[in-house]
Amino acid sequence: MKCIFTICLFFLLACSQTKKIAQTPIVSPSITTPLNISLNGKLFTALFQQRAAEYRALCFQGYNIARMRIDAYTSQTEKPKAIITDIDETILDNSPYAVKQAYNGIEYTQTSWYEWTDKSAADTMPGAAAFLKYVASKNIQVFYVTNRMDRERESTLVNLNKYGFPNADPIHLYTRTDTSSKEARRLQIMDRYEVVLLMGDNLADLSSMFDKRTELERTENANALASEFGKKFIVFPNANYGDWEAALFKSLKKQSEKDSVLKKVLKSY
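Residues numbered from 1 in each chain as written. Predicted model: local features only at pLDDT ≥ 70, side-chain atom pairs only at ≥ 80, totals over all residues. Heavy atoms only, no water.

## Considerations on the packing of aromatic side chains
Okay, step 1: This model, assessed by the stated rule, comprises nine aromatic pairs.
Okay, step 2: Geometrically, the ring pair formed by F143 and Y174 is edge-to-face, given 6.1 Å between the ring centres and 70 degrees between the ring planes. With a gap of 31 residues between them, F143 in strand 4 (residues 141-145) and Y174 in strand 5 (residues 173-174) connect regions that are remote in the sequence.
Okay, step 3: Residue classification places F143 among the buried residues on the basis of a relative accessible area of 1%.
Okay, step 4: Counting every residue linked through ring pairs, the aromatic cluster contains Y63, F131 and F236.
Okay, step 5: Note that R67 overlies the ring of Y134, its terminal NZ or CZ placed 3.9 Å from the centroid.
Okay, step 6: Above the plane of the ring of Y114 lies R151, whose end atom (NZ or CZ) is 4.0 Å from the centre. (Phe/Tyr/Trp six-rings, centres within 6.5 Å; stacked < 30°, edge-to-face > 60°. Helix = DSSP H or I, 4+ residues; strand = E, 2+ residues; numbered from the N terminus. Buried < 20%, exposed > 50% of the residue type's maximum accessible area, 1.4 Å probe, protein only. Lys NZ or Arg CZ within 6 Å of the ring centre and 35° of its normal.)

What follows is the structure in structure tokens.
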């Protein structure tokens, strides 16, 4: 009888203790760091770039259209033919850099960018190498016009040659000069070659009509050149960065200020 009483007492105590535990409120850890829309957004755009089959499909679509334009092109002059392509987010994928910066809670810096490009570790965008090799097989020169600095020339060529990109040599690589505008460099190439098409992820890669323009001017000029996209101009997706950011944020530097702009301009209901 004493044994049964002891067991019952133990059972009641156990139930009482369980009830106390169940009633203890769950306290979430306090979040001291404010939500950073801009940087957190870059993580999601990098996620899309790295993991979404839709991103791969958009790249393939761009290169497929470019191939069709190459095949359909008829020479206008006796000049040798060429194409002009940007590098970053047009043929090389730099999303690992965006991820690391976002994890560190900071935007782009020149020093950290050099650290990344010095590694010559950027992967190719899906379909890029195959397309440019096809271009070369048609006896068309490939010129790489980039806003990477001249100090990045060697590491960039190493990165391009790693994947067998054609014409990946100092003669065909045009790095940034004294301005971010690519117009002067494009004109140098166009003076000697008949340029079949231009490729880029940023509209300023294609035309001076997009150099240092406001958001409204960029929109109006894109509308004016609507018939050229998919014909003379091939644009690749890049939601992570570009001149569209500069047009939107202007000279704002603080993340809190940028986040305020986003809240003002984004449509909701």
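## Some points on the pattern of salt bridges
Okay, step 1: Per the stated rule, a full pass over the model turns up nine salt bridges.
Okay, step 2: Between K182 and D86 there is a salt bridge, with the nearest N and O atoms lying 2.9 Å from each other. Of this pair, K182 sits in the loop between strand 5 and helix 8 (183-192) while D86 sits in the loop between strand 1 (81-85) and strand 2 (92-93), and the two are 96 residues apart along the sequence.
Okay, step 3: Taking relative accessible area as the criterion, D86 reaches 6% and is therefore assigned buried.
Okay, step 4: In this structure, R151 and D118 form a salt bridge, with 3.6 Å as the shortest nitrogen-oxygen distance. In this pair, R151 sits in the loop between strand 4 and helix 7 (153-162) while D118 sits in the loop between helix 5 (110-117) and strand 3 (123-124), placing the two residues 33 residues apart along the sequence.
Okay, step 5: The exposure class assigned to R151 is partly exposed, which follows from its relative accessible area of 47%. (Salt bridge = Lys/Arg side-chain N within 4 Å of Asp/Glu carboxyl O.)

## Focus on the side chain of Q49
Okay, step 1: Among the structural elements, Q49 can be located in helix 2 (residues 37-51).
Okay, step 2: Assessed through its relative accessible area of 8%, Q49 is described here as buried.
Okay, step 3: Residues in contact with Q49, not counting those within four places in the same chain, are Y55, E89, D93, N94 and S95. (Contact = heavy atoms within 4.5 Å.)

Read these as geometric descriptors, not functional statements.
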